[in-house]
Amino acid sequence: AQSVTQLGSHVSVSEGALVLLRCNYSSSVPPYLFWYVQYPNQGLQLLLKYTTGATLVKGINGFEAEFKKSETSFHLTKPSAHMSDAAEYFCAVSDGLGFGNEKLTFGTGTRLTIIP
Amino acid sequence: GAGVSQTPSNKVTEKGKYVELRCDPISGHTALYWYRQSLGQGPEFLIYFQGTGAADDSGLPNDRFFAVRPEGSVSTLKIQRTERGDSAVYLCASSLRDRADGYTFGSGTRLTVV
């Protein structure tokens, strides 16, 4: 079984400061890892994903994440926070076996607040 | 369509009633997923369709929940004898292939059982 742990249900950073949202996972097989963002009353939007290859992945809106197998982590970062980054962020994992039905297991989410 | 469409966007129903939630996936997407997002939680998997068949319904919480996709496109999630604990946002996603890297989520249906 897979699981995802997001440390910190709420994170506040000042505008222009570094954003760091933490995600650790457990998986018995090589995982596919994802970060999604959810704005109020909207669906989930994919920020970035890791499947295979380069462990540092870049996504939309200046976000990036690094897959660290030894630490079973996939933390999300952005060098300089913008007010528009305020949202809920979800880390997710799938088993990545490629045999179909790659359902996602999500973490409980981190609400990011940006302080002007 | 351009995206995954879910209707209604909001549904309020009385305890014990029957509800249907609809999902229109992106045209040509063969895989379709339903998730449930309770307040303060991440989405939880309910059911996966590949074409017309439910390939994995292991996430359905009990037999009051059922979903169909008769023509391999539109899907309907059906909940019988609704309970207050069913209140949540129900999310639908579709993908072109059976690969999670191709998911597109709809905006969800917010179900409130009173």
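The text that follows walks through the structure, step by step, so that each part is easy to find. Everything quoted here is computed from the prediction, not taken from an experiment.

**Topic: the interface of chain A and chain B**
- Taken together, the 21 residues of chain A in the interface contact 21 residues of chain B.
- Remark: the boundary between chain A and chain B carries 1 salt bridge.
- Elements with a contribution of two residues or more to the side of chain A that touches chain B: strand E5 (32-38), strand E6 (44-50) and strand E10 (87-94) of chain A.

**Focus on the sheet that holds strand E7 (residues 65-68) of chain B**
All names here are of chain B.
- With antiparallel pairing, 4 strands are arranged side by side in an open sheet as E1-E3-E8-E7. Only two strands of the sheet have a single partner each, and these edge strands are strand E1 (5-7) and E7. With strand direction ignored, the average angle separating the axes of adjacent strands in the sheet is 15°.
- Bridging between E7 and strand E8 (residues 75-79) involves 4 bridges; their strand directions are antiparallel. Paired with Ala-67 across the two strands is Leu-77, which belongs to E8.

**Details of the layout of surface pockets**
- Counted as a void, the largest pocket has a volume near 640 Å³.
- Breaking the lining of the largest pocket down by element, the ones donating at least two residues are E10 of chain A together with strand E9 (88-95) and strand E11 (109-113) of chain B.
- Ranked by the residues each element gives to the lining of the largest pocket, the list is headed by E11 of chain B, at 3 residues.
- Tallied by class, the residues present in the lining of the largest pocket amount to 7 nonpolar, 17 polar and 3 charged.

**Structural notes on the state of the cysteines**
- By the definition in use, this model includes 2 disulfides over all chains.
- Across the disulfide, Cys-23 of chain A is cross-linked to Cys-91 of chain A (sulfur-sulfur distance 2.0 Å). Judged by the sign of its S-S torsion, about -65°, the bond between Cys-23 of chain A and Cys-91 of chain A is left-handed. Of this pair, Cys-23 of chain A sits in the loop between strand E3 (19-21) and strand E4 (24-26) while Cys-91 of chain A sits in strand E10, and the two are 68 residues apart along the sequence. In this structure, Cys-23 of chain A and Cys-91 of chain A share a single accessibility class: buried.
- Through a disulfide, Cys-23 of chain B is tied to Cys-92 of chain B; the S-S separation comes to 1.9 Å. Since a negative S-S torsion denotes a left-handed disulfide, the Cys-23 of chain B-Cys-92 of chain B link at about -65° is left-handed. Here the residue Cys-23 of chain B occupies a position in strand E3 (residues 19-24), and Cys-92 of chain B occupies one in strand E9, the gap between them amounting to 69 residues. No difference in accessibility class separates Cys-23 of chain B from Cys-92 of chain B, as the two residues are buried.

Thresholds applied
Residues numbered from 1 in each chain as written. Chains lettered and ligands numbered in written order. Predicted model: local features only at pLDDT ≥ 70, side-chain atom pairs only at ≥ 80, totals over all residues. Heavy atoms only, no water. Contact = heavy atoms within 4.5 Å. Salt bridge = Lys/Arg side-chain N within 4 Å of Asp/Glu carboxyl O. Helix = DSSP H or I, 4+ residues; strand = E, 2+ residues; numbered from the N terminus. Pairing = 2+ DSSP bridges. Axes fitted to C-alpha atoms, helices over the stretch in contact; angles between N-to-C directions. 1 Å grid on protein atoms, 1.4 Å probe; cavity = no way out; pocket = protein on both sides within 12 Å on 5 of 7 lines; lining within 4 Å. Points joined across faces, edges and corners; volume = space filled by probe spheres on them. Nonpolar A, V, L, I, M, F, W, Y, C, P; charged D, E, K, R; others polar. Disulfide = S-S within 2.5 Å. Buried < 20%, exposed > 50% of the residue type's maximum accessible area, 1.4 Å probe, protein only.

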